[in-house]
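Examination of the molecular architecture
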Amino acid sequence: DIQMTQSPSSLSASVGDRVTITCRASQSISSYLNWYQQKPGKAPKLLIHAASSLHSGVPSRFSGSGSETDFTLTISNLQPEDFATYYCQQSYSSLMYTFGPGTKLEIK
Amino acid sequence: QVRLQESGPGLVKPAQTLSLTCTVSGGSISSGDYYWSWIRQPPGKGLEWIGYIYYSDSTYYNPSLKSRITILEDTSKNQFSLELSSVTAADTAIYYCARHSSLTTDAFDVWGQGTMVTVSS
């Protein structure tokens, strides 16, 4: 199985800040990396697919980069509605999709 | 606009079979363009992919759950279902159904709202 790790596991930031979340795969997954946002009591929402492609309707302050094993999600100009938990997910192995453990973004 | 809605019992006894249904509206599950997955999330924890079904009843399951899972589709009702046998407390979770496709590198782009299932006697 391809294992996914994320760092940090949590972080505090203020409205207007720029934050970066890192995701690492245990083996190369090319660009088959997706990012989700989940708020309490809600289903996850797709933010970015294929490492850097912004999903329809997602604000442009969200961006993704990376390839092979190392990926980042960057949120510029944090807004109050961005405080949530973020998950990465690899879709390289269609026989076993795996998610990272999540990064909780809290208000400072 | 495609919508997914999970349904099923919220409480299942240990050793019994958990059965859930996902009803798809706004699109056909037999179009062949999409895959239909089940994903779960234990309370306060992360996400675990369970398995998916694809056009013509092709299925792929998480190896760690494979011996206990069956995913089926009912194209006449535009639904797909999950059966998880021999449940234990470790199967207590929110269960989501979700859609994915190669158009978005198999990212899960549409999710149901989720349904909480508790395993308890």
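Heads up: the structure comes first, above all this text.
Our subject in this report is the structure included herewith. (Residues numbered from 1 in each chain as written. Chains lettered and ligands numbered in written order. Predicted model: local features only at pLDDT ≥ 70, side-chain atom pairs only at ≥ 80, totals over all residues. Heavy atoms only, no water.)

**A look at the sheet that holds strand S3 (residues 18-25) of chain B**
Consider a sheet: its strands pair through backbone hydrogen bonds, and that pairing is either parallel or antiparallel. Residues and elements named next belong to chain B. The cut-off we apply is this: When DSSP finds two or more bridges between a pair of strands, those strands are recorded as paired. Numbering goes from the N terminus for both helices and strands, where a helix is a DSSP run of H or I of at least four residues and a strand is a run of E of at least two. Axis definition: a line fitted to C-alpha atoms, over the contacting stretch in the case of helices. Angles run 0 to 180 degrees between N-to-C directions.
Strands sit in the order S1-S3-S8-S7 across an open sheet of four strands; the sheet is antiparallel. Either end of the sheet is taken by a strand with one partner, and the two such strands are strand S1 (3-7) and strand S7 (69-74). Averaged over all pairs of adjacent strands, the angle between strand axes in this sheet comes to 20°, irrespective of strand direction. Where S3 and strand S8 (residues 79-84) come together, six bridges link them in antiparallel fashion. Bridged to Cys22 within S8 is Phe80.

**Observations regarding the interface of chain A and chain B**
Selection rule: We call two residues contacting when some pair of their heavy atoms lies within 4.5 Å. We define a salt bridge as a side-chain nitrogen of Lys or Arg found within 4 Å of a carboxyl oxygen belonging to Asp or Glu. We define a polar contact as two N or O atoms separated by no more than 3.5 Å, with the added condition that, inside protein, one atom must be a possible hydrogen donor and the other a possible acceptor, whereas residues neighbouring each other in sequence contribute only through side-chain atom pairs. Polarity classes work like this: nonpolar for Ala, Val, Leu, Ile, Met, Phe, Trp, Tyr, Cys and Pro, charged for Asp, Glu, Lys and Arg, and polar for all others, with Gly in that last group.
Between chain A and chain B, the contact holds 19 residues from the first and 24 residues from the second. Between the two partners, chain A and chain B, sit zero salt bridges. Our count for the chain A to chain B interface comes out at 10 residue pairs in polar contact (both at pLDDT 80 or more). Of all the secondary-structure elements, those providing two or more residues to the side of chain A that touches chain B are strand S4 (33-38), strand S5 (45-49) and strand S9 (85-90) of chain A. Considering every element that reaches the side of chain A that touches chain B, the biggest residue donor is S4(A), with three residues. Per-class residue counts for the side of chain A that touches chain B are 11 nonpolar, seven polar and one charged.

**Here's the deal with the layout of surface pockets**
We count it as follows: Only protein atoms enter the 1 Å grid used here, on which a cavity is any set of points holding a 1.4 Å probe that cannot leave and a pocket is any open set flanked by protein within 12 Å on both sides along at least five of seven lines; residues with an atom within 4 Å of a point are listed as lining. Grid points are joined across faces, edges and corners, and a volume is the space filled by probe spheres set on the points.
Of the pockets and cavities examined, the largest pocket occupies roughly 720 Å³. Considering the residues around the largest pocket, the lining is formed by 29 residues, among which A:Ala43, A:Pro44, A:Lys45, B:Asp109 and B:Trp111 are closest to the centre. Secondary-structure elements contributing two or more residues to the lining of the largest pocket are S4 and S5 of chain A together with S1 and strand S10 (108-111) of chain B. Taken together, the residues of the lining of the largest pocket sort by class into 11 nonpolar, 10 polar and eight charged. Around the second largest pocket sit 22 residues that line it, and A:Gln38, A:Pro40, A:Thr85, A:Tyr87 and B:Gln41 are the ones nearest its centre. When contributions to the lining of the second largest pocket are tallied by element, the ones reaching two or more residues are S9 and strand S11 (103-107) of chain A together with strand S9 (93-100) of chain B. Of the residues forming the lining of the second largest pocket, the biggest block, three residues, is contributed by S11(A). Of the residues contributing to the lining of the second largest pocket, the split by class is 10 nonpolar, eight polar and four charged.

**Description of the state of the cysteines**
Basically, it comes down to this: Cysteine sulfur atoms are paired as a disulfide whenever they come within 2.5 Å of each other. Think of it in three bands: residues with accessible area under 20% of the maximum for their type are buried, residues over 50% are exposed, and the middle band is partly exposed, with areas taken using a 1.4 Å probe on protein chains only.
Applying the stated criterion to the full structure yields two disulfides over all chains. Here A:Cys23 is linked by a disulfide to A:Cys88, with a sulfur-sulfur distance of 2.1 Å. Across the S-S bond linking A:Cys23 and A:Cys88, the dihedral sits near 75°, which makes this disulfide right-handed. Taken together, the positions of A:Cys23 in strand S3 (residues 19-25) and A:Cys88 in strand S9 put the pair 65 residues apart, joining distant regions of the chain. A relative accessible area of 0% places A:Cys23 in the buried class. Between the sulfur atoms of B:Cys22 and its disulfide partner B:Cys97 the distance amounts to 2.1 Å. Because the torsion about its S-S bond is 65°, the bridge between B:Cys22 and B:Cys97 counts as right-handed. With a gap of 75 residues between them, B:Cys22 in strand S3 and B:Cys97 in strand S9 connect regions that are remote in the sequence.

**Focus: the pairing of S7(B)**
Note: S7(B) against S8(B), six bridges, orientation antiparallel. By the bridge assignment, B:Ile71 is partnered in S8(B) with B:Leu82.

**Comments concerning the environment of A:Thr5**
Residues and elements named next belong to chain A. Relative to the helices and strands, Thr5 resides in strand S1 (residues 4-7). Each C-alpha atom, one on Thr5 and one on Asp82, is 21 Å from the other, the two residues being 77 residues apart in sequence. The residues touching Thr5, leaving out its near neighbours within four places in the chain, are Thr22, Cys23, Arg24, Cys88 and Pro101.

**Things to note about the sheet that holds S1(A)**
All names here are of chain A. Across the sheet, which stays open at both edges, the four strands sit in the order S1-S3-S8-S7 with antiparallel pairing between neighbours. What marks the edges here is a single partner per strand, and that holds for S1 and strand S7 (62-67). On average, each strand axis in the sheet is inclined to that of its neighbour by 20°, with strand direction left out of account. Alignment of S7 against strand S8 (residues 70-75), held across six bridges, turns out to be antiparallel. By the bridge assignment for S8, Gly64 is matched with Leu73.

What is shown is where atoms sit, not what they do.
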